[in-house]
Amino acid sequence: MSMSRRPTPPVLDLLGDLIAFDSVSIRSNRPLIDFAAARLSEWGIAAEILPSPDGEKASLWATIGPPVDGGIVLSGHSDVVPVDGQTWSSDPFKLNIRNGRAYGRGTADMKGFIACVLAAVSTFRHAPLKRPVHIALTYDEEVGCIGAPHLLDWLSRQRPRPAIAFIGEPTSMGVVNAHKGILVARSEITGVEAHSSLAHLGVSAVGLAGRAIALLHAIETELSLTARDDRFEPARATISVNRVGGGTAVNILAGHAWFEWDIRSIPGVDAHAVVDRFAARLEDEIIGPTRQNHPAVHAVTRIIADAPALAPENDGEAEALAKRLLATNETRAVPYAAEAGQFQQAGLSTIIVGPGSIEQAHKADEFVDLDQLARCEDFLARLMATLV
Ligand SMILES: [Zn+2]
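All of these numbers come straight from a predicted model, not from anything done at the bench.

## Describing the pattern of salt bridges
Under the definition given, this model contains 21 salt bridges. A salt bridge links Asp-34 to Arg-30; its shortest N-O distance comes to 3.3 Å. Residue Asp-34 and its partner Arg-30 are located together in helix 2 (residues 30–42), separated by 4 residues, close to a single helical turn. Classification of Asp-34 as partly exposed rests on a relative accessible area of 35%. Here the residues in one salt-bridge network are Arg-186, Glu-188, Arg-243 and Glu-260, joined through shared partners.

Rendered as structure tokens:
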């Protein structure tokens with residue numbers, strides 16, 4: 001049996017500071033970002049603060065070590081999921097340590113990782129690094145990985161270029177080299193209003209939406225026959241429709257209807273192509289024929305959020321390095337979506353590795369084992385040793 005250990009005091013201090021920021025995605029993460037930037041500045045490291053398009057939130061980018069290519073990005077999202085409706089044993093925004101665990105919203109997902117990284121900076125900055133370490137903090141991950149693309153777009157115009165990204169989602173410090181993608185879409189359908197006793201004069205948008213949803217399910221079934229990946233459970237891409245609305249009264253043919261849906265794709269399934277196929281078939285099979293009698297009928301689908309799957313890399317640099325640092329040959333795939341696919345798409349060799357378990361993420365009494373934080377510190381110390 002391996003001994004359970006505790007992280008160093010700076011990690012717990014930083015974790016306490018980070019948990020105290022109520023950085024639920026609906027609120028601004030600026031206080032947390034400004035705190036991290038102030039810490040880095042105390043250690044002589046200038047952080048780049050990159051505001052979101054609306055200026056309400058921000059990402060952070062910092063470099064420790066020489067300005068050369070081939071650096072390692074340590075990336076975490078600063079936002080957390082809400083606590084509404086959850087019953088907590090202690091204040092979710094106040095770090096509470098009991099039974100060898102650190103409790104609080106975001107301890108596992110993923111402020112534990114960020115605390116370890118920030119604490120490590122105080123050592124990294126004194127090391128004669130030959131390759132740099134970069135810190136990336138993003139926003140709005142929990143609402144569809146919306147923030148990372150802005151950071152990555154900015155990064156694509158920067159020199160030097162990092163080579164590797166470690167995304168610190170909770171993996172119990174295992175190496176995760178694949179995750180599913182998520183694409184969220186909203187479809188709006190316009191019908192023609194009429195009194196429901198005179199149904200021949202109009203067409204119900206809600207009825208059309210029902211047929212459109214059935215079409216989505218047919219496309220999901222077709223996909224499941226052509227693309228499978230047994231590393232995932234479920235081993236296929238899924239499409240689910242989870243919000244719907246429309247109409248004004250039960251005796252009026254609905255003039256308008258909408259539904260929101262997501263595609264959870266496996267590597268190799270292009271979610272954009274699925275949306276295009278749906279839009280084309282909706283037009284050909286349902287909307288187009290209806291329009292012959294009711295010219296005003298139409299449908300629009302727009303993409304709200306989009307994060308591609310993380311695919312295992314052939315001879316991936318990130319995977320090889322993480323396996324070496326953790327002395328393991330094992331890799332896993334995870335069903336949830338994360339920012340790793342976006343970093344990979346931006347050209348970085350990418351894996352997920354971080355302290356704590358996804359089992360605890362998003363739940364009441366979220367926690368990270370203290371031993372996990374200690375193991376993350378070890379991982380970062382070994383990483384530093386490979387960079388000097
Ligand atoms: Zn997360």
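## A short note on the sheet that holds strand 10 (residues 238–246)
With respect to topology, 4 strands assemble into an open sheet ordered 10-11-9-12, the strand pairing being antiparallel. Each end of this open sheet is capped by a strand with a single partner; those strands are strand 10 and strand 12 (298–307). When the angles between neighbouring strand axes are averaged without regard to direction, this sheet yields 20°. Contacts from helix 6 (residues 271–291) reach strand 9 (181–190), strand 10, strand 11 (256–265) and strand 12, with the element oriented near 170° to strand 12.

## Concerning helix 9 (residues 370–387)
Taking 1.5 Å per residue, 18 residues should reach 26 Å; helix 9 reaches 26 Å between its end C-alpha atoms and fits that length. All of the buried residues along helix 9 are Leu-370, Asp-371, Gln-372, Leu-373, Ala-374, Cys-376, Glu-377, Phe-379, Leu-380, Leu-383, Met-384 and Leu-387.

## Side note on the sheet that holds strand 15 (residues 367–369)
An order of 4-5-15 is seen for the 3 strands of this open sheet, with the pairing classed as antiparallel. The open sheet has two free edges, formed respectively by strand 4 (96–98) and strand 15, since each of these has just one partner strand. Neighbouring strand axes in the sheet, compared pairwise and without regard to direction, differ in orientation by 25° on average. Sheet topology note: the strand 5 (residues 101–103)/strand 15 ladder contains 3 bridges and is antiparallel. Within the sheet, the bridge partner assigned to Ala-102 lies in strand 15 and is Val-368. Across the face of the sheet, helix 3 (residues 107–124) comes into contact with strand 5 and strand 15 while running at roughly 55° to strand 15.

What counts and how
- Residues numbered from 1 in each chain as written.
- Predicted model: local features only at pLDDT ≥ 70, side-chain atom pairs only at ≥ 80, totals over all residues.
- Heavy atoms only, no water.
- Salt bridge = Lys/Arg side-chain N within 4 Å of Asp/Glu carboxyl O.
- Helix = DSSP H or I, 4+ residues; strand = E, 2+ residues; numbered from the N terminus.
- Buried < 20%, exposed > 50% of the residue type's maximum accessible area, 1.4 Å probe, protein only.
- Pairing = 2+ DSSP bridges.
- Axes fitted to C-alpha atoms, helices over the stretch in contact; angles between N-to-C directions.
- Contact = heavy atoms within 4.5 Å.
- Expected span 1.5 Å × (residues − 1).

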